[in-house]
Amino acid sequence: MGFRQLILTALAVAFPAGVVFVVLAAMEQLGWGTAILSATAAWLGAAAILRIYFGDLRRVARYATDLRDRYKGTPPQHISFAAASELSSLYTQIAAAFRDRIALLEAQTSTDAEILDHLPNPVVMVNRHRVVTGFNRAAKGLFHNLETGRDLTRFIRDPILLDAFDDVASARETMKHAEFVLAADAHRHFDVLTARLPAAAGDRNFVLTFSDLTELRKLEQMRADFATDAGHELRTPLSVLLGFIETLEGPAKDDPDALNQFLPVMRDQAQRMQHLIEDLLSLARIELNEHTPPSEDCDVGKIIGKVAKSLALKAEAKGMNIRVTSTLDDTEMVGEEKELTQVFVNLVENAIKYGHANTDVEVSISLAKNPPGALARFRHDRIMAVAIRDHSDGIAREHLPRLTERFYRVDTARSRAVGGTGLGLAIVKHLVQRHRGTMQIESEQGVGSVFTVYLPAKTGDNVRKLHSA
């Protein structure tokens, strides 16, 4: 308060007393000189008291300003009036409560941000004006140029997704799903849920949650391809059989030469269908049990020895030898002997089928020094590497990632000529995965291929880990 305002306020406060002194002087109860002196004294006293009072208020006001600007300050000392002291104490309590509230909100905000960042799905928060107000680490990984304060359409221009957001923003829908294909990668599909947040969330009125559908779409495509491929594989032998049957029922009904010519072909086609159906049923059974780890004990070295003996005649027919070497004394593991026999029969048989005549099929058993990263999650103590090497034309690099897909063939005509169904390596992959192992394929054209199966060797601690995986 300024000096002039203090004088005027003091006059206003002392005015009633001045009037009383004037009235007393007019009634000759008090001399005029005494009345004027008394009125002046009353005015000066009021001014002194007001000066002290306004000084207290000024110090309290400065304290309130400090709290407003810096959220902290020192309460004024030596306040004369109780009202100003109570006001200062009230400001102190409000400031303390306000600081506690800010700390709580900051902690809650930090916790919410940490929770969002640990969510595997991308999450983006947007206000009703389509301005991005927040996002988590996964969303930043999906949209690398994502920033708060920017319009959502700078990052997402998909009209279906934007229409879904507008439906929720206009309250026509409380939440809505939309499928979104990432512009930077046409193979990535997402289901985006747009939902309204509670009003207490401030400006972050809406949240967009992205759920990755890529693997689901791949599985759907694989199922569709599987149905198509299986139908195609069965259609060919069936067509052959039906054609021969119609011929034998018609023009060649009484022709023994035609009968002798057609029957072997019909038998081969029927056997091919039988093998295909058996492999399909086997693959379905294996996939059904893939998530259940085996519980029996077996010896990989002995299994491979039996496989080599059983396929020796087939190898000798092409002038080939199956050579088995091992650098391990103990090749025991937790596994199903029947299933592992199927794995190695398939791989060794393939090496014989596609290997050059008069070459060796080399099977080696060793301890894996640098196991594949795919096995890291199982934390096996000892891992066996069983490598089956052939000397063949080799496989082009672009085919290697797809070799274990159902019905995938590098050379369809040659595969069918040697009796392949296109399911053998798919069966091997799923059987190895059931045993908590993996398979790697290496090949060099003109040299040959190496199929290496990595399996957990049996140890006391490893058994427990295998079953808990």
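Scroll up a little and you will see the structure.
Please read these numbers as outputs of a predicted model, since none were measured by experiment. (Residues numbered from 1 in each chain as written. Predicted model: local features only at pLDDT ≥ 70, side-chain atom pairs only at ≥ 80, totals over all residues. Heavy atoms only, no water.)

(A) Geometry of the nonpolar core. Formed by 47 residues in total, the largest nonpolar core has its most connected members in Val 300, Ile 322, Phe 344, Leu 347, Val 348, Val 361 and Ile 388. Elements represented by at least two residues in this core include exactly helix H7 (256-289), helix H8 (300-310), helix H10 (337-354), strand E9 (360-367), strand E10 (383-389), helix H12 (424-434), strand E11 (438-444) and strand E12 (448-456). Of the residues forming this core, the biggest block, seven residues, is contributed by H10. With residues up to four places along the chain from it excluded, the contact list for Val 300 reads Thr 331, Met 333, Leu 340, Phe 344, Met 384, Val 386 and Leu 455. (Core = buried A, V, L, I, M, F, W, Y, C linked by side-chain atoms within 4.5 Å. Buried < 20%, exposed > 50% of the residue type's maximum accessible area, 1.4 Å probe, protein only. Helix = DSSP H or I, 4+ residues; strand = E, 2+ residues; numbered from the N terminus. Contact = heavy atoms within 4.5 Å.)

(B) Highlighting the packing of aromatic side chains. This model, assessed by the stated rule, comprises seven aromatic pairs. Ring centres of Phe 190 and Phe 210 lie 6.2 Å apart, and the angle between their planes is 80°; this geometry places the pair in the edge-to-face category. One end of the pair, Phe 190, is in strand E4 (residues 189-196); the other, Phe 210, is in strand E5 (residues 206-212), with 20 residues separating them in the sequence. The pair formed by Phe 190 and Phe 210 is uniform in burial state, with each residue classed as buried. A ring pair is formed by Phe 244 and Phe 262, whose centres lie 4.4 Å apart and whose planes are at 5°; its orientation type is stacked. One end of the pair, Phe 244, is in helix H6 (residues 214-249); the other, Phe 262, is in helix H7, with 18 residues separating them in the sequence. Judged on exposure class, the residue Phe 244 and its partner Phe 262 are both buried. (Phe/Tyr/Trp six-rings, centres within 6.5 Å; stacked < 30°, edge-to-face > 60°.)

(C) Region of the structure containing the side chain of His 435. Within the secondary structure, His 435 sits in the loop between H12 and E11. At 3.0 Å, the side chain of His 435 forms a polar contact with the backbone nitrogen of Glu 336. (Polar contact = N/O pair within 3.5 Å; in protein donor to acceptor, adjacent residues only side chain to side chain.)

(D) Structural context of the environment of Val 361. Looking at the secondary structure, you find Val 361 in strand E9. By relative accessible area, Val 361 is classed as buried at 0%. Considered as a pair, Val 361 and Met 320 are 41 residues apart in the sequence and their alpha carbons are 7.1 Å apart. With residues up to four places along the chain from it excluded, the contact list for Val 361 reads Met 320, Asn 321, Ile 322, Arg 323, Val 348, Ala 351, Ile 352, Ile 388 and Arg 389.

(E) Expanded view of the sheet that holds E9. Taken together, the five strands give an open sheet; going across it, the order is E7-E9-E10-E12-E11, and neighbouring strands pair in mixed fashion. Two strands in the sheet have a free side with no partner beyond their single neighbour: strand E7 (321-326) and E11. Neighbouring strand axes in the sheet, compared pairwise and without regard to direction, differ in orientation by 15° on average. Bridge analysis of E7 against E9 gives six bridges, and the strand direction is parallel. When the bridges of E9 are listed, Ile 322 appears paired with Val 361. The strands touched by H12 within the sheet are E11 and E12, with E12 carrying the most contacts at an inclination of about 25°. (Pairing = 2+ DSSP bridges. Axes fitted to C-alpha atoms, helices over the stretch in contact; angles between N-to-C directions.)

(F) Spatial organisation of the pairing of strand E2 (residues 132-135). Sheet topology note: the strand E1 (residues 123-126)/E2 ladder contains three bridges and is antiparallel. Looking at E2, one finds that Val 126 is bridged to Val 132. Where E1 folds back on E2, the antiparallel hairpin that results is connected by five residues, among which Arg 130 adopts a positive phi of roughly 70°.

(G) Representation of the sheet that holds strand E3 (residues 175-181) within the structure. The five strands lie next to each other as E2-E1-E5-E4-E3, forming an open sheet whose pairing is antiparallel. Each having just a single partner strand, E2 and E3 make up the two edges of the open sheet. The sheet shows a mean angle of 25° between the axes of neighbouring strands, taken without regard to direction. Here E4 runs beside E5; their pairing, made up of seven bridges, is antiparallel. Within E5, the residue paired with Leu 193 across the bridge is Thr 209. Seen against the sheet, helix H5 (residues 159-169) touches E1, E3, E4 and E5 and runs at an angle of roughly 165° to E3.

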